[in-house]
Amino acid sequence: MLQIRDILWGFLYIACAAAIQVQVTPTHREISVGESKFFLCEVVGDAKDIDWFAPNGEKILPNNPNVQVNRNDETTSTLTIYHADVDDAGIYKCVAKSGDKEAQATVQVKIFQKITFKNVPSPQEFNEGDDADIICDVVGSPVPFILWKHKGVRIQSNKDVRYNVMDNGHLLIRGIKKTDEGAYNCEARVMETGEINFKMIYVVVNVLPTIRARQSEVNATADMGVSILLACDADGFPEPAVTWAYNNVILKSGDKYSLNEDGSELVIKDVIKVDEGDYTCIARNKAGEMSQEVSLNVFVQAKITYLNNETAIEFDDEVTLTCEASGDPTPSISWSFQNRMFSEGEQASWTRPDQYESHDRNIVVRSHARVSSLLLKNVDYTHAGQYLCTASNSIGQDNQPVYLEVRYAPKIHGEVAVYTWEGNPANISCEVEAHPGASVTWFRDGLQVPAVNTTNVKIYSKQSNSYLQVSPESQSDFGSYNCTATNAMGTESKEFLLIQAEVPSSPKIQRVEPFSSSAVVEFNEPDSFGGVPIIKYLVEWRLDGHGWTGKEYDATEDLTSITIVGLTPDTIYEVKMSAVNGKGESESSAAVKFKTGPIPSSEAPPLIVTTSIALREPSAPKLEAMVQNQGNALKVNWIKQDDGGSPIKHYLVRYKAKHVSDWKPEIRMPHGSEYVVLGGLDWNTEYEVRVVAVNQKGKSEPGILSFRTATEPTTMPGASGSGLSTGAIVGILIVVFFALLVAVDVTCYFLNKCGLLMCIAVNFCGKAGPGAKSKDMEEGKANFTKDESKEPIVEVRTEEEPTQNQEGVGPAEPNETTPLTEPDKKTKDDVKTEANNTAVEVKTVPNEAPQTNGNESKA
């Protein structure tokens, strides 16, 4: 049995020896990307070829740089993978061949790649509203799983449809907002290996600029040398850059334009009309750009650009004055002459132009665009003169004069009748209007005057007027005088009459209003002045049967009553009047009787009024203010104005702070005063002052003054003027210094037993300062210690046995038991009180004694 079994094993061994066996070591291997590994293929048996095949079934050739095959010997071959890549993973096969015999073995190669972030930019920028694709490219083997987190919270698409994690691992945010900005965590995980890695990506959301103009339309005036500001405000992220453009040209700072630091404000200098238009404010950032237009309207003040002066001859059919103007808005043009205004379509007459318009159509104003014409028909000499052309718009106006020259024959004016009397010179005025100027000649009875042999006639000329002065010597000098004016346009003559003046007729007394001591005479002026003005009135009055008393009163235009004074009460008078002119006095009026009234018991002394001019309230005084040195006081000066015909009696002053309603008590100032000082006013407060003048008739309107007091100073005003002099200040400092020295010396005297006082007490008074007793006792103790042979003296004494000092006899001679300081002085009551209580006083004083064995005696 045993032999058969051995024979069978031998056959089996021979059979196996004849076959080929292949083994790859190791049989599997895990390689990380980038690593290099080799595999050994061992063949048992005689093999002619040993080949390696890649996972794709292709034979690995020797010239492959990354995967190399090397035949080591007859039985082994090596497969080496350099810098392994993911593509190198798979099952590699080693095949051994020997004739028709073949054997193979395999090895599984697994390539593991660590999580690697290949393309993960940060930050990543997006525009607000865009669909944001946040890039996170991750490679790994096995393929990692990607999840996203924001603000520590995992992003889940099923909870917010705006978010989506795409197949490539990117995060898609639909319609990204500014609030989505921040850090995002891209986290990669490999489930098979448990590997994890992450990257933080910062997401920036850029916001498209928003822009708004502070004023969408800006108005400016040209040619005024002014600058205008155009401004816009822009927001966005990142902060937008602002620029300005005009007519598609970017504006830069220079002579014409000025931009602030951030470009939001554009200043246009020296604005002119051509600067008008639309300016574009542009804001740009990474998200894009926005623009806003600002319109600049440039207005031009009205300005007259053309005028023409004209010359015409009187009685011409018409003449036209032209005026042209520029401006924006288009100006309106009007004409004026003297006090009369003319505008387009208006027609007027020169007869009383300030009151009404006639329908004779002699003046017509026509306007077209910026041109206006003033047409004058039937030219008259009164049309000559300066016309004013006024061009106006909403910005302003311009006035320019234009002149119309009218050539006309002389026109003579003047009073035809002139009154005088013999011996009184009279001027006959020949007022000539003519253009060109005229020469004037005077004639009398066809003969030119003055004649050579006449001395009472003279001619004076002033501008265009000629004056004939005649001093009548007889009736023959009265009569007609001829004035003849001649120029290139013609001749004009006019007759003037020199008439003999007469005395006036008598005035008529209408009524007499009597009082106790005066009377008011009311009268009518004479019917005839005699050709010359009334100079004065003569009023005469008398008691019945007595002589006349008279007084003259200067004649004034409105004089219709005269007051006579100094009459006796309860008495009958009669009064008459006459008028006086240059020629002489009129006849007296008929006398009128009246009786003065009795004196009433309460009648005040009569007010003497020389004329009947009506009294009235005075005019408001003129106020001026002057702040006083105190700052809260004010001096109010007033200047007296019209007193209303009656003396000022007094002034009333009121004042108050403007923010309160109550006035301060009224101040009454005498009639001759010119100012008042208001003191104690509140600081930094606005006040109102009113001053009223009072006369017999009543009060004036108040003179009003407003002012503000000064701000309260930190130090009282005027302190420097009322302060101490330098000498006084030095004296005070010296006193304070010595007081401090005395205080220090006293302190030293009581605490340290030294100083000036201590020196005086010891050297001059023989006294020691407080505490000296203990010092002396210490010295005594020292002496006693040094001389131990001295026995102490023990003195026993009761308070009932007063010493000489206690009786007040005087100080006793000091002995060894007497302290250097004086005992306190006690009153008799204190002594009696102490005497009631028996006390034993023990004093230990060193004494001369034999020296003992060093032991001290004690009591």
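Think of each chain on its own: its residues are numbered from 1, step by step along the sequence as written. In view of the model being predicted, local features appear only for residues whose pLDDT reaches at least 70, and side-chain atom pairs are presented and counted only at 80 or more, with totals across whole chains, interfaces and linings using the full set of residues. Values reported for side chains reflect all heavy atoms of the structure, with hydrogen atoms and water molecules removed beforehand.

A. Structural view of the overall build of the protein chain. To qualify as a helix, a DSSP run of H or I must reach at least 4 residues; to qualify as a strand, a run of E must reach at least 2; elements of each kind are numbered from the N terminus. Helix and strand content of the protein chain: six helices and 57 strands. Each residue's exposure class comes from its accessible area (1.4 Å probe, protein chains only) as a fraction of the maximum for that residue type: buried when under 20%, exposed when over 50%, partly exposed otherwise. Residues classed as buried in the protein chain amount to 33% of the 859 residues present. We call two residues in contact when some of their heavy atoms are within 4.5 Å. Long-range contacts, defined here as pairs at least 24 residues apart, represent 61% of the contacts in the protein chain between residues at least 6 apart. Just so you have it, the protein chain exposes about 51700 Å², and 51% of that area is on carbon and sulfur atoms. Each accessible area is a Shrake-Rupley result for a 1.4 Å probe, and residues are judged covered by the shown protein chains and nothing else.

B. Summary view of the environment of Ala485. By the element assignment, Ala485 lies in strand β40 (residues 479–487). A C-alpha to C-alpha distance of 9.3 Å links Ala485 and Gly437, two positions 48 residues apart in sequence. Excluding its chain neighbours within four sequence positions, the residues that come into contact with Ala485 are Pro410, Ile412, Val432, Ala438, Ser439, Val440, Gly490, Thr491 and Glu492.

C. Quick look at the sheet that holds strand β37 (residues 447–449). Strands pair, by our definition, only if DSSP identifies at least two bridges between them. With mixed pairing, five strands are arranged side by side in an open sheet as β34-β41-β40-β36-β37. Two strands close off the open sheet at either side, each with one partner strand: β34 (417–420) and β37. With direction set aside, neighbouring strand axes in the sheet form an average angle of 35°. Sheet topology note: the strand β36 (residues 439–444)/β40 ladder contains five bridges and is antiparallel. Of the residues in β40, the one forming a bridge with Val440 is Ala485. Lines fitted to C-alpha atoms define the axes, with helix axes restricted to the stretch in contact, and inter-axis angles between N-to-C directions lie between 0 and 180 degrees.

D. Structural detail: the environment of Cys483. Among the secondary structure elements, Cys483 is positioned in strand β40. The class for Cys483 is buried, based on a relative accessible area of 0%. Residues Cys483 and Ser466, spaced 17 residues apart in sequence, show a C-alpha to C-alpha distance of 8.7 Å. Leave out the neighbours within four places in its chain, and Cys483 touches Ile412, Cys430, Val440, Thr441, Trp442, Glu492, Ser493, Lys494 and Phe496.

E. The pattern of salt bridges, seen in detail. By definition, a salt bridge exists where a carboxyl oxygen of Asp or Glu is found within 4 Å of a side-chain nitrogen of Lys or Arg. Tallied over the entire structure, the rule returns 24 salt bridges. Put simply, Lys149 and Glu187 hold a salt bridge, and the shortest N to O gap is 3.7 Å. Here Lys149 is found in strand β12 (residues 145–150), whereas its partner Glu187 is found in strand β16 (residues 182–190), with 38 residues between them in sequence. For Glu187, a relative accessible area of 5% translates into the label buried. A salt bridge links Lys273 to Glu276; the nearest nitrogen and oxygen atoms lie 3.3 Å apart.

F. Region of the structure containing the confidence of the model for the protein chain. When pLDDT is averaged across the protein chain, the result is 80; 80% of the residues are at 70 or more. Per-residue confidence from the predictor is reported as pLDDT, a score between 0 and 100. Counting interchain partners and residues more than four positions distant, the pLDDT-below-50 stretch residues 346–359 has 29 contacts. Across residues 770–859 the pLDDT falls below 50, and counting only partners more than four positions away or on other chains, this stretch makes 82 contacts in the model.

G. Spatial organisation of the side chain of Thr484. For Thr484, the position within the fold is in strand β40. Residue classification places Thr484 among the buried positions, given a relative accessible area of 13%. Aside from chain neighbours lying at most four places away, what touches Thr484 is Ser439, Val440, Thr441, Phe443, Thr491, Glu492 and Ser493.

H. Examining the packing of aromatic side chains more closely. When the centres of two rings from Phe, Tyr and Trp lie within 6.5 Å, Trp using its six-membered ring, the rings pair. Their planes under 30 degrees apart give stacked, over 60 give edge-to-face, and anything left gives tilted. According to the stated counting rule, one finds ten aromatic pairs in the structure shown. With 6.5 Å between their ring centres and 50° between their planes, Tyr655 and Tyr687 make a pair best called tilted. Separated by 32 residues along the polypeptide, Tyr655 in strand β51 (residues 650–657) and Tyr687 in strand β54 (residues 686–694) bring together distant segments of the chain. Take Tyr655: its relative accessible area is 13%, and that puts it in the buried class.

I. The environment of Glu686, seen in detail. Mapped onto the elements, Glu686 comes out in strand β54. A sequence separation of 27 residues divides Glu686 from His659, and the C-alpha atoms of the two residues are 7.9 Å apart. The contact partners of Glu686, leaving out residues within four places of it in the chain, are Lys656, Ala657, Lys658, Ser706, Phe707 and Arg708.

J. Summary view of the sheet that holds strand β45 (residues 549–554). The strand order β45-β44-β47-β48 describes an open sheet built from four strands, whose pairing is antiparallel. The sheet is open, and its two edges are formed by β45 and β48 (592–595), each paired on a single side. Ignoring which end each strand starts from, the neighbouring axes of this sheet average 30° apart. By the bridge criterion, six bridges tie strand β44 (residues 534–543) to β45 in an arrangement that is antiparallel. Within the sheet, the bridge partner assigned to Leu538 lies in β45 and is Glu552.

K. Inspection of the state of the cysteines at higher detail. Cysteine sulfur atoms are paired as a disulfide whenever they come within 2.5 Å of each other. This structure, assessed with the given rule, holds five disulfides. Put simply, Cys136 and Cys186 are joined by a disulfide, and their sulfur atoms are 1.9 Å apart. Given an S-S torsion of about -90°, the disulfide between Cys136 and Cys186 has left-handed geometry. A residue pair is termed long-range when its members are at least 10 positions apart, and Cys136 in the loop between β10 (132–134) and β11 (137–141) and Cys186 in strand β16 qualify at 50 residues. With a relative accessible area of 0%, Cys136 lands in the buried category. Note that Cys232 is cross-linked by a disulfide to Cys281, the S-S spacing being 1.7 Å. Of this pair, Cys232 sits in strand β19 (residues 228–237) while Cys281 sits in strand β24 (residues 277–285), and the two are 49 residues apart along the sequence. Ordinal numbering of bonded cysteines along the protein chain defines a disulfide pattern of 1-2, 3-4, 5-6, 7-8, 9-10.

L. Representation of the side chain of His650. Tracing the backbone shows His650 in strand β51. Note on His650: relative accessible area 10%, which makes it buried. Any N or O atom pair separated by 3.5 Å or less is treated as a polar contact, with the protein-specific requirement of one donor-capable and one acceptor-capable atom, and with residues adjacent in sequence counted only for side-chain atom pairs. Here the side chain of His650 touches Arg668 through a polar contact of 2.9 Å, side chain to side chain. Apart from the residues within four sequence positions on either side, His650 is in contact with Arg668, Met669, Pro670, His671, Val692, Ala693 and Val694.

M. Quick look at a nonpolar patch on the surface. Patches draw on residues past 30% relative accessible area with no salt bridge. Two like charges within 9 Å are joined, as are two nonpolar side chains (Val, Leu, Ile, Met, Phe, Trp, Tyr) within 5 Å. On the surface, Val730, Ile734, Phe737, Phe738 and Leu741 cluster together to form a nonpolar patch covering roughly 480 Å² of accessible area. Along the chain, Phe738 turns up in helix α3 (residues 726–751).

N. Representation of the pairing of strand β6 (residues 76–81). Counting buried positions along β6 yields six of six residues, so the element is predominantly enclosed. Of the two faces of β6, both are covered, the one formed by Thr76, Thr78 and Thr80 as well as the one formed by Ser77, Leu79 and Ile81. With five bridges connecting them, strand β5 (residues 67–71) and β6 associate as antiparallel partners. Considered in β6, the bridge of Asn70 is made with Thr78.

O. Highlighting the nonpolar core. In these notes, a set of buried Ala, Val, Leu, Ile, Met, Phe, Trp, Tyr and Cys residues joined through side-chain atoms within 4.5 Å is what counts as a nonpolar core. Ranked by size, the top nonpolar core spans 25 residues in total, and within it Val22, Val24, Phe39, Trp52, Ile60, Leu79 and Tyr92 carry the most contacts. Every element with two or more residues in this core is listed here: β1 (21–25), β3 (37–44), β4 (49–53), β5, β6, β7 (90–98) and β8 (101–119). At five residues, β8 tops the list of elements feeding residues into this core. Beyond its immediate stretch of four places on either side in the chain, Val22 contacts Cys41, Glu42, Val43, Cys94, Ala96, Ala103, Gln104 and Ala105.

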